[in-house]
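Residue-level structural notes
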Amino acid sequence: MAPPKSRKIVIMGFRSVGKSSITIQLVEGQFVDSYDPTIENTFTTKVKHNSQEYVLELVDTAGQDEYSIFPQSYSVGIHGYVLVYAVTSPKSFEVVKVIHEKLLDMSGQDYVPMVLVGNKTDLHMERKVPTENGKSLADSWKAAFFESSAKENSSVHEIFQMVIREIEKRDKDGNVDKKEDCTIL
C-alpha cells in the first residue's frame, strides 16, 4: 500500500457559521454546542480515499469579514479550502464571496480546490439563504457544494471527501476516477 499523502485544508468563513463545529464533528465525532470565538486551531485526522490514506491537517481559522487581511499562511502549502456560510445568515453568504475573491487574488489563479458549504440546515425555521443560491454560487466558481448540519452530523464527512476529490482532480489535471471510495479512519 502507498504511504499516506498529507493534505492541508483551510476552513474559512464569517464568524459563527460553524467552521469549528464542522471540524470537530469530523475529527472527534461530536458536536460542541458552546461558542467560543476561534483564534486559529489546527486539527489532524486520517481519511481513506480510493484506497489511498490521507493525513489531513485542518486549519480552523478565526472568522473572517469583508475587511479581513489573510495571512500568507492561508495560501502557502495549502491544498484545498472549505468555505462555510450559515444558511441562517445572508451576511455570511455575502462574506464568503469576498473570501473567495481574496483567495483567488492571493493565489494568483482563477481556481483553487474548494468546497462551498451552507451550514446550520438543522435551523429550518431560521433559514434565509435558499439552497439554490448556494448551488448557483458554487457552480459559478466551478466548486463542489454541500449543505450541512454539524449538529446533526449531516454531510460533514462528505465535505472532506469532496475536498480531497477536488485536490486530487487538480493534481491529476482534471482526470478524476468516478469510482471513488472514501472513508474517515
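This text gives an overview of the structure that appears in the document. Quantities reported herein were computed from a predicted structural model and do not represent experimental measurements.

Turning our attention to the packing of helix α2 (residues 90-107) against helix α3 (residues 131-141). Close contact between α2 and α3 brings their axes to 12 Å; oriented N to C, the two are set at 5 degrees. As the angle between them shows, α2 and α3 are arranged roughly parallel. On α3, the residues touching Phe93, Val96, Lys97 and His100 of α2 are Asn133, Gly134, Leu137 and Trp141. Here the residues of the contact of α2 with α3 are counted per class, giving 4 nonpolar, 3 polar and 1 charged.

So, on to the packing of aromatic side chains. Applying the stated criterion across every chain, the model contains 2 aromatic pairs. Taken together, a centroid distance of 6.2 Å and an interplanar angle of 45 degrees make the contact between Phe70 and Tyr74 tilted. Exposure class is identical for Phe70 and Tyr74. Each is buried. An angle of 70 degrees between the planes, with centres 4.8 Å apart, marks the rings of Tyr85 and Phe93 as edge-to-face. Under the relative-accessibility criterion, Tyr85 is labelled buried at 0%.

For the rest of this paragraph, the subject is helix α1 (residues 19-28). Because the α-helix completes a turn every 3.6 residues, residues three or four places apart line up on one side. Of all 10 residues that make up α1, 8 are buried, and the element is covered over most of its length. Among the residues making up α1, those that are buried are Lys19, Ser20, Ser21, Ile22, Thr23, Ile24, Gln25 and Leu26. Following α1 by one or two positions, Gly29 has its phi on the positive side, about 70 degrees.

Our next topic: unusual backbone geometry. Phi at Asn50 takes a positive value of approximately 50 degrees, unusual for a residue other than glycine. For Ser51, which is not glycine, the phi torsion reads 65 degrees and is therefore positive. Residue position: Ser51 is located in the loop between β2 (40-49) and β3 (52-61).

Most of strand β5 (residues 114-119) sits inside the fold, with 6 of its 6 residues counted as buried. Neither face of β5 is exposed, since Met114, Leu116 and Gly118 on one face and Val115, Val117 and Asn119 on the opposite face are all buried. Strand direction decides the pairing type here: strand β4 (residues 80-86) and β5, joined by 6 bridges, are parallel. Following the sheet pairing, Tyr81 is matched in β5 by Met114. The β-α-β motif built from β4, the intervening α2 and the parallel element β5 has right-handed crossover chirality. In the sheet, β5 pairs with strand β6 (residues 144-147) via 4 bridges, with the strands oriented parallel. Its bridge partner being in β6, Gly118 is matched across the sheet by Glu147. Traced from β5 through α3 to β6, the parallel crossover comes out right-handed.

Moving on, we get to the pairing of β3. For β3, the tally of buried residues reaches 8 of 10 residues, placing the bulk of the element in the interior. Sheet topology note: the strand β1 (residues 5-13)/β3 ladder contains 7 bridges and is parallel. Note on β3: the bridge partner recorded for Ile11 is Asp60. Strand direction decides the pairing type here: β2 and β3, joined by 10 bridges, are antiparallel. Following the sheet pairing, His49 is matched in β3 by Gln52.

So, about α3. Among the residues of α3, those classed as buried are Gly134, Leu137, Ala138 and Trp141. Here the buried residues of α3 occupy an arc of 95 degrees about the axis, which is enough to place them on one side. Where α3 is buried, its residues contact β4, α2, β5 and β6. One or two steps after α3, the chain reaches Lys142, where phi turns positive at roughly 60 degrees.

How each quantity is defined
- All residue numbers refer to position in the chain's written sequence, counted from 1.
- The model is predicted, so local features are restricted to residues of pLDDT at least 70 and side-chain atom pairs to those at 80 or more, both for listing and for counting; the totals for chains, interfaces and linings are taken over all residues.
- Hydrogens and water are ignored here; the side-chain numbers use all heavy atoms of the structure.
- To get an axis, a line is fitted to the C-alpha atoms, and for a helix only the part in contact is used. The angle between two axes follows their N-to-C directions and goes from 0 to 180 degrees.
- Per the convention used, a helix needs a DSSP run of H or I reaching at least four residues, while a strand needs a run of E reaching at least two, with both numbered from the N terminus.
- Roughly parallel means an angle under 35 degrees; roughly antiparallel, over 145; roughly perpendicular, 65 to 115; everything else is oblique.
- Between two residues, a contact is recorded if the distance between any of their heavy atoms is within 4.5 Å.
- Three residue categories are used. Nonpolar comprises Ala, Val, Leu, Ile, Met, Phe, Trp, Tyr, Cys and Pro, charged comprises Asp, Glu, Lys and Arg, and polar comprises the others, including Gly.
- The pairing test for Phe, Tyr and Trp rings, Trp by its six-membered ring, is centres within 6.5 Å, and the orientation test on the planes gives stacked under 30 degrees, edge-to-face over 60, and tilted for anything in between.
- Accessible area is worked out with a 1.4 Å probe on protein chains only. A residue is then buried under 20% of its type maximum, exposed over 50%, and partly exposed in between.
- Strand pairing requires that DSSP identify at least two bridges connecting the strands.
- Looking down the strands as they point away from the viewer, one classifies a crossover as right-handed if the path from the first strand across the helix to the second runs clockwise.
- Throughout, the arc means that of the directions going from the helix axis to the C-beta atoms.

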